[in-house]
Structures are given as C-alpha cells and as structure tokens.
Amino acid sequence: LEWGDVAAGSMTLLSTTTLSGSSTTISSISGSYKNLMLTATGINLSADAHIRIAPNAETNKTGLVGLDSYLSTIQSTAVNDYIYWGGYTQKSANTANQFTIYFNDYTSTTNKTLFGQRGYFAATPIEYSIQNASWYYLSSAAITSLVFSPSTGTFSAGTVKLYGVN
C-alpha cells in the first residue's frame, strides 16, 4: 500500500448529527462507498415512543425479519412504514438507548438494500431489551438520505454517526 490507497473495509466518518426536535435528516449521503454503518448513542426522548428511520424520506418501503433477543421471538412483517428501532416503546428520559445499523450495497438501483441492526434500549413494558434484526429496503433507489423521528414527542438528545465503508 502507498500513502493515499484506501484498503477494503476501511471506514470514513461522513457525518456526526445531533438528534433534536420532531425529526432530524441526514441528507446528501455520498454514493462513493460500498456500504454504510450508522451508530446512534445517548438517545433521549421527550415521551415514550418508537424511534423511526425513513430511508430517502419514504414510508411503506421497508420489510423486517428479526429476532427479539429479550423474548426470543421472531418478528416478521412484509412492509413497514419505517425502520422501527426496537420492538417496544423506548422510555423517555433515558439515554441508554443505542444502536448500530449496517447498510449493505446502499447505492444499488437493481438489488434491494439489506441492513442489519443491533442495539440496546430501555423499553416499556419491559425494563431493557437487546434487539438484533434484519431489514430490507423495498425501493430500487440508492439511499441518499435518512430521516429520524420519534413516533410521538421529540428527540431531547442523541448522536448519530454515519460512516462510509469500502
């Protein structure tokens, strides 16, 4: 390798975004990478709510096949309005909520984008939950933006880092 060569698997931080208000958007996502990795930490909500993510601000474009590690049950739906983080409502006033999502081949216009998520959250009706799930994006468009929103209330805190992966 020479200085400036980018090795396969290397990661580049594309953005650091603070979650606030009723929705936060990461836009103009570079299409120069093979995959994306997103980390979200310190998420705090003004009310108990689901954390939702809409690729390209589209709803009714995601499907889920996942395993809820707390209950050891498989959840499966054909189409969802959003990517829902966590199978339960996340508790407000708790910054324990955190997750990672890995988007495979996010620039493809011929293949559906598969993405996996895992994380930990304080939830209602249970105290805490760990979730691992696989989702797919039903659009043939490359993912160029991500819109984050709680199902009710607002974000009080939270940091999202988006990385491009070669």
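Along each chain, numbering runs from 1 in the same order as the chain's sequence is written. Only residues with pLDDT of at least 70 get local features here, since the model is predicted, and only at 80 or more are side-chain atom pairs given and counted; chain-wide, interface and lining totals rely on the full set of residues. Calculated side-chain values reflect all of the structure's heavy atoms, with hydrogen atoms and water omitted.

### Describing the overall build of the protein chain
For the protein chain, the count of helices and strands is 0 helices and 12 strands. In the protein chain, the order of α-helices and β-strands from amino to carboxyl end is β-β-β-β-β-β-β-β-β-β-β-β. Only protein chains enter the accessibility calculation, which uses a 1.4 Å probe; a residue is then buried when its area is under 20% of its type maximum, exposed when over 50%, and partly exposed in between. When the 166 residues of the protein chain are sorted by exposure, 42% land in the buried category. In what follows, a contact means two residues having at least one pair of non-hydrogen atoms within 4.5 Å. Sequence-distant contacts, at least 24 apart, represent 76% of the contacts inside the protein chain between residues at least 6 apart. To be clear on the numbers: accessible area is Shrake-Rupley with a 1.4 Å probe, and residue cover counts the displayed protein chains and nothing else. Accessible surface, the protein chain: about 7700 Å² in total, of which carbon and sulfur atoms supply 51%. Helix numbering and strand numbering both begin at the N terminus, where a helix is a DSSP run of H or I of at least 4 residues and a strand a DSSP run of E of at least 2.

### Brief notes about the pairing of strand β3 (residues 35-45)
By the criterion of burial, β3 is predominantly enclosed, with 9 of the 11 residues buried. When DSSP finds two or more bridges between two strands, those strands count as paired. With 9 bridges connecting them, β3 and strand β12 (residues 155-165) associate as antiparallel partners. Bridge pairing in β12 places Thr 41 opposite Thr 159.

### Digging into the environment of Met 11
Within the fold, Met 11 resides in strand β1 (residues 11-18). For Met 11, a relative accessible area of 41% corresponds to the partly exposed category.

### Observations regarding the nonpolar core
The set of buried Ala, Val, Leu, Ile, Met, Phe, Trp, Tyr and Cys residues whose side-chain atoms join them within 4.5 Å is what this entry labels a nonpolar core. Core analysis: the largest hydrophobic core is formed by 26 residues, its most contacted members being Leu 38, Ile 43, Phe 99, Phe 103, Leu 146 and Phe 148. At the level of elements, β3, β4 (49-55), β8 (97-104), β10 (128-137), β11 (146-150) and β12 are the ones that each hand at least two residues to this core. Sort the elements by how many residues they give to this core and β3 lands first, with 5 residues.

### Observations concerning the environment of Tyr 106
Its location among the elements puts Tyr 106 in the loop between β8 and β9 (113-124). A polar side-chain atom of Tyr 106 sits 3.3 Å from the main-chain amide nitrogen of Tyr 33. We call two N or O atoms a polar contact when they sit within 3.5 Å, provided that within protein one can donate a hydrogen and the other can accept it, with sequence-adjacent residues counted only if both atoms are side-chain atoms.

### Digging into the side chain of Thr 17
Examined against the element boundaries, Thr 17 turns out to sit in strand β1. With residues near it in sequence (within four places) discarded, Thr 17 still touches Thr 24, Ile 26, Gly 158, Thr 159 and Val 160.

### Here we look at the side chain of Thr 24
Following the sequence through the fold, Thr 24 ends up in strand β2 (residues 24-26). By relative accessible area, which is 8% here, Thr 24 ends up buried. A distance of 3.0 Å separates a polar side-chain atom of Thr 24 from the backbone oxygen of Ser 20. Those residues in contact with Thr 24 that lie beyond four places of it in its chain are Thr 17, Thr 18, Leu 19, Leu 146, Val 147, Phe 148 and Phe 155.

### Remarks on unusual backbone geometry
Positive phi is not limited to glycine here, since Asn 56 has a value of about 55 degrees. Note on placement: Asn 56 falls in the loop between β4 and β5 (62-68). Asn 56 sits in the buried class, given a relative accessible area of 18%. Although it is not a glycine, Asp 105 adopts a positive phi angle of roughly 50 degrees. Along the chain, the position of Asp 105 falls in the loop between β8 and β9. Here Asp 105 falls in the partly exposed class, since its relative accessible area comes to 32%.

### Overview of the confidence of the model for the protein chain
Each residue carries a pLDDT score, the predictor's confidence in it, ranging from 0 to 100. In the predicted model, the protein chain carries a mean pLDDT of 79, and 73% of its residues have values of at least 70. Every residue in residues 66-72 scores below 50 in pLDDT, and together they form 24 contacts with partners more than four places removed in sequence or on other chains.

### Observations concerning the packing of aromatic side chains
Each pair of aromatic rings taken from Phe, Tyr and Trp, with Trp reduced to its six-membered ring, is defined by centres within 6.5 Å and is described as stacked if the planes are under 30 degrees apart, edge-to-face if over 60, and tilted in the remaining cases. Scanning the entire structure with this criterion turns up 1 aromatic pair. On the numbers, 4.9 Å between centres and 35 degrees between planes, the contact of Phe 103 with Phe 115 is tilted. Remark: Phe 115 occurs in strand β9 and Phe 103 occurs in strand β8; sequence separation between them is 12 residues. Grouping residues by exposure puts Phe 103 and Phe 115 together as buried.

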